[in-house]
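# Architecture and fold: a report
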Amino acid sequence: MIDPCQQVPGHLRALAPYQPGKPISELQRELGLTSIIKLASNENPLGPSPMALQAISESLPALALYPDGNGHDLKQALCAHFPVTPQQIILGNGSNDVLELVARTFLGPGTSAVYAQHAFAVYPLVTQAVGAQGIEVPAKAFGHDLDAMIAALRPDTRVLFLANPNNPTGTFLPGATLQAALQRIPSQVLVVLDEAYTEYLQPQQRYSSVDWLKSHSNLLISRTFSKAYGLAGLRVGFGMAHAEVIDLLDRVRQPFNVNALALEAAQAALQDHAFLERSCALNRAGLMQLEEGFKRLSLSYIPSVGNFISVRVGDASGVYQALLAQGVIVRPVKAYQMPEYLRVSVGTEAQNRLLLQALDRALHPAS
Ligand SMILES: *Cc1c(COP(=O)(O)O)cnc(C)c1O
């Protein structure tokens, strides 16, 4: 090993890099296919909000200038949406950035973080990257086992990561259950409630976690513009927490961590209620279409409330390759300890239909 690398601590050299969904352009290069659909990264099949696109084109002439490092206008827009002050908001280069800032601020050697088995891969990654110990708590029916997670908290635990809904399982805990659990978590543990898919919840499933910030100074809620708002490529997300928590995160973050186009687009997307509604309606219909298709193929799946669904195909890597050969990219979730499953993002009606046809051919090559 070359000398500079020799000095790097073992916990960094042991990191397993995050495996993103295969980009369309990569599959094009590899197989020379022209028609490819990607249902691998929970992106919005409707594209970006049209209002966001408009805002981007109007902002292009100002690109020589640095963005507003405080994100004043976007924070104001968020305050009109949620019962928080600007001092309670941190903006991130995707909500991933917020999760990483949490780790860099609250974790380090000699501390630990608790998260669930099958939970979002970024939690163990950011934990390990700062030299903290990750405590993975076995899942219950693929979902978070809150009692076990609370029992796993140690005196050195500083952060508890919770994804609701969770990715890649699509499982969900009702608001009342979460709120009750919050009462039982010691106040020195920062609870990171990752709500990347909350916009997709059905009206009767919705809950207002932001209201809990008033009584829980150890709660941080993270949200993103990458999923229902259709802006994954721009990288913008945010966290809401007590002003003191935000102040610390703000010291650690890069001065211009959110780019100018992302700030403008997010602000516009936040106002685009019609787009959000269309995205949710399409997703609901698509989930039903996929569930029916899986049933026809006699495949079991984990019922999901997100914009994706994990389906049990058996030889997942074989089926994944057979789908790739047909120009359909999905996501293997072996790294999530789900070796027999593939995670499929909900696409348009036509994309879902193509996926189901390709899956049928992959599973029944002779027919
Ligand atoms: C997609 C996703 C995010 C969002 O990531 P961004 O960095 O905002 O694009 C966060 N948490 C979970 C669980 C996700 O699946």
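A few points on the structure. Treat the numbers as computed from the prediction; the structure is a model and nothing was measured. (Residues numbered from 1 in each chain as written. Predicted model: local features only at pLDDT ≥ 70, side-chain atom pairs only at ≥ 80, totals over all residues. Heavy atoms only, no water.)

## Digging into the sheet that holds strand β3 (residues 112-116)
- Read across the open sheet, the seven strands follow the order β2-β8-β7-β6-β5-β3-β4; overall the sheet is mixed. A strand with exactly one partner marks an edge of an open sheet, and here the two such strands are β2 (89-92) and β4 (133-137). With direction set aside, neighbouring strand axes in the sheet form an average angle of 20°.
- Relative to strand β7 (residues 219-224), strand β6 (residues 190-194) is paired through four bridges, and the arrangement is parallel. Across the sheet, Val191 pairs through a bridge with Leu219, a residue of β7.
- Across the sheet, helix α5 (residues 72-81) touches β2 and β8 (237-241), and the angle it forms with β2 is around 125°. (Pairing = 2+ DSSP bridges. Helix = DSSP H or I, 4+ residues; strand = E, 2+ residues; numbered from the N terminus. Axes fitted to C-alpha atoms, helices over the stretch in contact; angles between N-to-C directions. Contact = heavy atoms within 4.5 Å.)

## Some details on the packing of helix α6 (residues 95-106) against helix α11 (residues 243-252)
- As a packed pair, α6 and α11 sit with axes 9 Å apart at the nearest point and diverge in direction by 95°. Between α6 and α11, the angle falls in the class roughly perpendicular. Residue-level inspection shows Leu101, Val102, Arg104, Thr105 and Phe106 of α6 in contact with α11, the latter providing Val245, Leu248, Leu249 and Val252.
- Partitioning the contact of α6 with α11 into residue classes produces seven nonpolar, one polar and one charged. (Parallel < 35°, antiparallel > 145°, perpendicular 65-115°, else oblique. Nonpolar A, V, L, I, M, F, W, Y, C, P; charged D, E, K, R; others polar.)

## Quick look at the site of the ligand
- Taken together, Gly94, Ser95, Asn96, Phe120, Asn167, Asp194, Ala196, Tyr197, Thr224, Ser226, Lys227 and Arg235 make up all the residues around the ligand.
- Within the complex, 94% of the 390 Å² of free accessible area of the ligand lies under protein.
- Looking at the shell around the ligand residue by residue, the class counts come to three nonpolar, six polar and three charged. (Near = heavy atom within 4 Å. Areas by Shrake-Rupley, 256 points an atom, 1.4 Å probe, with all protein chains shown as cover.)

## Concerning the nonpolar core
- Counting 90 residues, the largest nonpolar core has Leu78, Phe161, Leu220, Phe225 and Met240 as its most contacted members.
- Broken down by element, the residue count for this core peaks at seven residues, all from helix α12 (residues 260-271).
- Looking at this core, you find at least three residues from each of domain 1 (4-47 + 274-363) and domain 2 (50-271).
- Formed by 30 residues, the second largest nonpolar core is a distinct cluster that contains Tyr301, Ile309, Val328 and Val344. (Core = buried A, V, L, I, M, F, W, Y, C linked by side-chain atoms within 4.5 Å. Buried < 20%, exposed > 50% of the residue type's maximum accessible area, 1.4 Å probe, protein only. Domains from an automatic or database assignment.)

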